[in-house]
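Spelled out from the first residue to the last, the chains are:
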Amino acid sequence: MLNQQSNLDLMFQALADPTRRAMVDRLSRGPASVSELAKPFDMSLPAVVQHLQALEASGLVSSQKVGRVRTCQIEPEALSLAEQWINDRRTTWVRRLDRLGEFLAETEPETRT
């Protein structure tokens, strides 16, 4: 559980940056080389590599080097951890709001008299 929490922390930290979110968005369409990922950004290649290292550390992205080209791809299974965490909170709040709605429906006639 603790390891899962630290992975989740790394994932949300990686996704907190708009550049990294844009890279994840691009990789969701398919694998891309580092130079392809760098094209839309006005930054140096070493800066792009730092962003990719943060994404790799979080488990969201993996890369493979073949010759001189490093190709990155998204790891969809990693997103399931964040999805599960968000869904657990959503379920909790839906239940709370349902209970509140039931309570208000039960007490509404009493307040009208």
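Refer to the preceding data block for the structure.
Nothing here was measured: the structure is a model prediction, and the numbers come from that model.

Participant: Which residues make up the packing of aromatic side chains, and what values do they have?
Facilitator: A complete count under the given rule lists one aromatic pair for this structure. Pairing F12 with W85 gives two aromatic rings, centres 5.5 Å apart and planes at 65°, and the pair type is edge-to-face. Of this pair, F12 sits in helix α1 (residues 2–15) while W85 sits in helix α5 (residues 76–112); the two residues are 73 residues apart in sequence, bridging distant segments of the chain. The exposure class assigned to F12 is partly exposed, which follows from its relative accessible area of 32%. Judged by relative accessible area, W85 falls into the partly exposed class, the value being 34%. The positively charged end of R96 is found above the aromatic ring belonging to W93, 4.8 Å away from the centroid.

Participant: Lay out helix α4 (residues 45–58) in plain terms, naming residues and giving numbers.
Facilitator: Here α4 is 14 residues long and its end C-alpha atoms lie 20 Å apart, about the 20 Å a rise of 1.5 Å per residue gives. Within the span of α4, buried status applies to V48, H51, L52, L55 and S58. When α4 is viewed along its axis, its buried side chains cluster within an angular range of 115° and face the same direction. Facing away from the buried surface of α4 by more than 90 degrees, the exposed residues are P46, Q50 and A57. Where α4 ends, the next residue or the one after it, G59, has phi of about 90°, a positive value.

Participant: Can you break down the packing of helix α2 (residues 18–27) against α4 residue by residue, with the values?
Facilitator: Where α2 contacts α4, the axes come no closer than 10 Å and their chain directions differ by 75°. The orientation of α2 relative to α4 falls into the category roughly perpendicular. Contact residues: T19, R20, M23 and V24 in α2; V48, H51, L52, A54 and L55 in α4. Across the contact of α2 with α4, the residue classes tally to six nonpolar, two polar and one charged.

Participant: I'd like to hear about α2, residue by residue, with values.
Facilitator: Those residues of α2 that sit buried are T19, R20, M23, V24 and L27. Down the axis, α2 shows its buried residues gathered within 140° of arc, on one side only. At the N-terminal end of α2, a side-chain oxygen is found 2.8 Å from the backbone nitrogen of T19, two or three residues along, and the residue is D17.

Participant: Can you lay out the nonpolar core for me, pointing to particular residues and giving the numbers?
Facilitator: Counting 21 residues, the largest nonpolar core has L27, L52, L55, L60 and C72 as the members making the most contacts within it. When residues of this core are traced back to their parent elements, those giving at least two are α1, α2, α3 (34–38), α4, β3 (69–74) and α5. Other than its neighbours up to four places away in sequence, L55 contacts A14, R20, M23, V24, L60 and V61.

About the criteria used
Residues numbered from 1 in each chain as written. Predicted model: local features only at pLDDT ≥ 70, side-chain atom pairs only at ≥ 80, totals over all residues. Heavy atoms only, no water. Phe/Tyr/Trp six-rings, centres within 6.5 Å; stacked < 30°, edge-to-face > 60°. Helix = DSSP H or I, 4+ residues; strand = E, 2+ residues; numbered from the N terminus. Buried < 20%, exposed > 50% of the residue type's maximum accessible area, 1.4 Å probe, protein only. Lys NZ or Arg CZ within 6 Å of the ring centre and 35° of its normal. Expected span 1.5 Å × (residues − 1). Arc of directions from axis to C-beta. Axes fitted to C-alpha atoms, helices over the stretch in contact; angles between N-to-C directions. Parallel < 35°, antiparallel > 145°, perpendicular 65-115°, else oblique. Contact = heavy atoms within 4.5 Å. Nonpolar A, V, L, I, M, F, W, Y, C, P; charged D, E, K, R; others polar. Polar contact = N/O pair within 3.5 Å; in protein donor to acceptor, adjacent residues only side chain to side chain. Core = buried A, V, L, I, M, F, W, Y, C linked by side-chain atoms within 4.5 Å.

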